[in-house]
Amino acid sequence: MMGIILFDEKTKCCACGACKNICPKGAIAMKEDEYGFLYPQIDEKKCVQCGICKKVCAYQNGQVKNTPIKCYAAVNKNKVELMKSASGGIFVAVATSVLKEGGVVFGAALDFEDGHAHPHHIAVREISQLYRLQGSKYVQSAIENTYEEAKEELNLGKKVLFSGTPCQIAGLYGYLRREYENLFTVDVICHGVPSAKMFDDFLQNETNKRNVKKIKEYIFRDKKRGWGMNGKIRFELKNGSEKTVYIPARLTSYNTFFLDGFNYRENCYSCKYANSKRPGDITLGDYWGIERENPELLKNKEYDIENGISCIIVNSKNGMKIMQNIINLSMYETQFEKIANKNGQLKYPSKRPAKREQIMKLYFQKGYRGVDEYFYRNYKKQIIVHTVFNAFPIGVRLKIKKVLHK
Ligand SMILES: Cc1cc2nc3c(=O)[nH]c(=O)nc-3n(C[C@H](O)[C@H](O)[C@H](O)COP(=O)(O)OP(=O)(O)OC[C@H]3O[C@@H](n4cnc5c(N)ncnc54)[C@H](O)[C@@H]3O)c2cc1C
Ligand code: SF4
Ligand code: SF4
Ligand code: SF4
């Protein structure tokens, strides 16, 4: 008999792992391809051909019913939480309210094991651990067994908040195959993800270039230098002491190629969730373009463009329910079109640039060092412009940005 085929083209698998989580025989493992992207692989010796793994694949079979009900510009009034978050700190406010009711929160954490990055989904049960889920990690987070774990909690009657990229949320619903009143979901506006292997290779290359012992922490968007893409790396030096370095995204190869869409997973370029139909009960994103769409808000001290402002899109009754319980947020109603104007991924997937092929080929043939060397050879102008720009104090940088955006 023909074996089960989970996908025939890479454009048809987002690595949600619903198939792996559901398999009653433990016959599916997520394995890396030549670029480090995860794909499910069936062990034919264990497989009994029940076919359930094919049925739960939301990326191939699922329909998304939710459409925006209400849209808001929003910020967390708690400045400490706001500054720990990539955007307006909405996720932490929602998650805190769920934990206070005895619930469980799932989301992406970026752990380090002996200097190697491990982006993966975890369950958080205590408010003191929520910091692990805060902040955007611009890399694919492995779902591992969290769908199974979430189902166990749901069956115990616990309130569950599951957060992730839209494909991960759709994957969860595909896996569960029934509705739960106690399930609440958050998806983030998403333009694509590089592989965890490529991200780790980038970090190992930084470790070698800087002749340090290992990396202890990486934050993609640290707000010390304002709302944007400014990274922070904490290294352990060879003498055992620690050093922290702040690096704007455009001065690194990995983040530049991420922003330009050169290193995403194959299916991200035809993502079926890059539109107004959302898998999550609520959608969170950066409210890029607020200065043009809702300039009146910037007169209010709480909406400070230096500290980050979010957009919230409420997509379902459950989303309305959860937002009613949130304290500590300042919310201002706005329209979907205003949010989508500067957030293309609410309308269409990222374009697949011709350079994607070139960068990935380089990575495969020469390793991450080859990619990094290419960046330094070909991006000299960008590196100079961003080095000079970032040498200015934040006030000056904001004025320059305003002039450029006019
Ligand atoms: C890969 C990726 C691409 C994004 N692209 C856009 C975009 O194009 N436009 C836009 O407006 N916003 C985008 N975002 C969302 C944005 O960066 C913020 O995450 C969002 O606005 C929430 O901000 P916050 O301050 O409320 O919460 P934060 O504390 O900043 O974010 C925490 C939330 O993000 C989730 N998360 C973080 N990293 C990952 C990951 N790798 N995989 C799955 N979930 C993750 C956590 O589970 C948690 O729910 C993206 C996020 C990710 C992860
Ligand atoms: S067909 Fe059944 S046993 Fe085989 S991999 Fe799929 S879920 Fe597992
Ligand atoms: S269920 Fe998820 S991981 Fe499995 S084939 Fe479908 S998209 Fe890929
Ligand atoms: S772009 Fe689409 S497919 Fe890719 S990670 Fe984001 S939600 Fe998933």
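On a predicted model such as this, the values are computed, not experimentally measured, just so you know.

Rules behind the numbers
- All residue numbers refer to position in the chain's written sequence, counted from 1.
- Labels are handed out in written order, letters beginning with A for the chains and numbers beginning with 1 for the ligands.
- In keeping with the predicted nature of the model, local features appear solely for residues at pLDDT of at least 70, side-chain atom pairs appear and are counted solely at 80 or more, and the whole-chain, interface and lining totals rest on all residues.
- Each side-chain value is worked out from all heavy atoms of the structure, with water and hydrogens disregarded.
- Classification of residues uses two cut-offs on accessible area relative to the type maximum, computed with a 1.4 Å probe and protein chains only: under 20% is buried, over 50% is exposed, and between them is partly exposed.
- Counting from the N terminus, the helices are DSSP H or I runs at least four residues long and the strands are E runs at least two residues long.
- Here, strands pair whenever DSSP counts at least two bridges between them.
- Near is defined per residue: the residue qualifies when any heavy atom it owns lies within 4 Å of the molecule or strand.
- Classes in brief: Ala, Val, Leu, Ile, Met, Phe, Trp, Tyr, Cys and Pro nonpolar; Asp, Glu, Lys and Arg charged; the others, Gly included, polar.
- Note that the domain bounds reflect an automated or database-derived domain assignment.
- Residues are treated as being in contact if the distance between any of their heavy atoms lies within 4.5 Å.
- A quick way to say it: buried area is the sum, across both parts, of accessible area lost when two parts are put together, with a 1.4 Å probe.
- Within this document, salt bridges are pairs made up of a side-chain nitrogen of Lys or Arg and a carboxyl oxygen of Asp or Glu, the two lying within 4 Å of each other.
- Residues adjacent in sequence count toward polar contacts only when both atoms are side-chain atoms; beyond that, a polar contact is any pair of N or O atoms within 3.5 Å, and within protein one must be able to donate a hydrogen and the other to accept it.

For the rest of this paragraph, the subject is the pairing of strand β12 (residues 310-314). β12 sits mainly inside the fold: five of its five residues count as buried. Residues Ser-310, Ile-312 and Val-314 line one face of β12 and the alternating positions Cys-311 and Ile-313 line the opposite face, and both faces are buried. Both strand β3 (residues 70-76) and β12 contribute to a ladder of five bridges, which runs antiparallel. Counterpart to Tyr-72 in the pairing with β12 is Ile-312. Across five bridges, strand β11 (residues 282-286) lies against β12 in antiparallel orientation.

A few words on the site of ligand 3. Around ligand 3 lies a shell formed by Cys-13, Cys-14, Ala-15, Cys-16, Gly-17, Ala-18, Cys-19, Pro-40, Cys-57 and Tyr-59. Residues that form the shell around ligand 3 fall into these classes: nine nonpolar, one polar and no charged.

With that settled, the discussion passes to the domain arrangement of the protein chain. As a measure of interface size, the accessible area lost when the parts come together is often cited. Each domain of the protein chain was delimited in the assignment, giving domain 1 (10-60), domain 2 (70-193 + 264-346) and domain 3 (196-261 + 354-389). Computed over C-alpha atoms, the centres of domain 1 and domain 3 are 31 Å apart. Each partner contributes to the interface: domain 1 provides five residues, whereas domain 3 provides five residues. Both faces considered, domain 1 and domain 3 share a buried interface measuring about 500 Å² in area, 69% of it formed by carbon and sulfur atoms. Of all residues in domain 1, Glu-34, Tyr-35 and Phe-37 give up the largest surface area on contact with domain 3, accounting jointly for 78% of the area buried on that side. If you look at where domain 1 meets domain 3, you find zero salt bridges. One can count zero residue pairs in polar contact (both at pLDDT 80 or more) joining domain 1 with domain 3. Along the lines of polarity and charge, the residues of the side of domain 1 that touches domain 3 split into two nonpolar, one polar and two charged.

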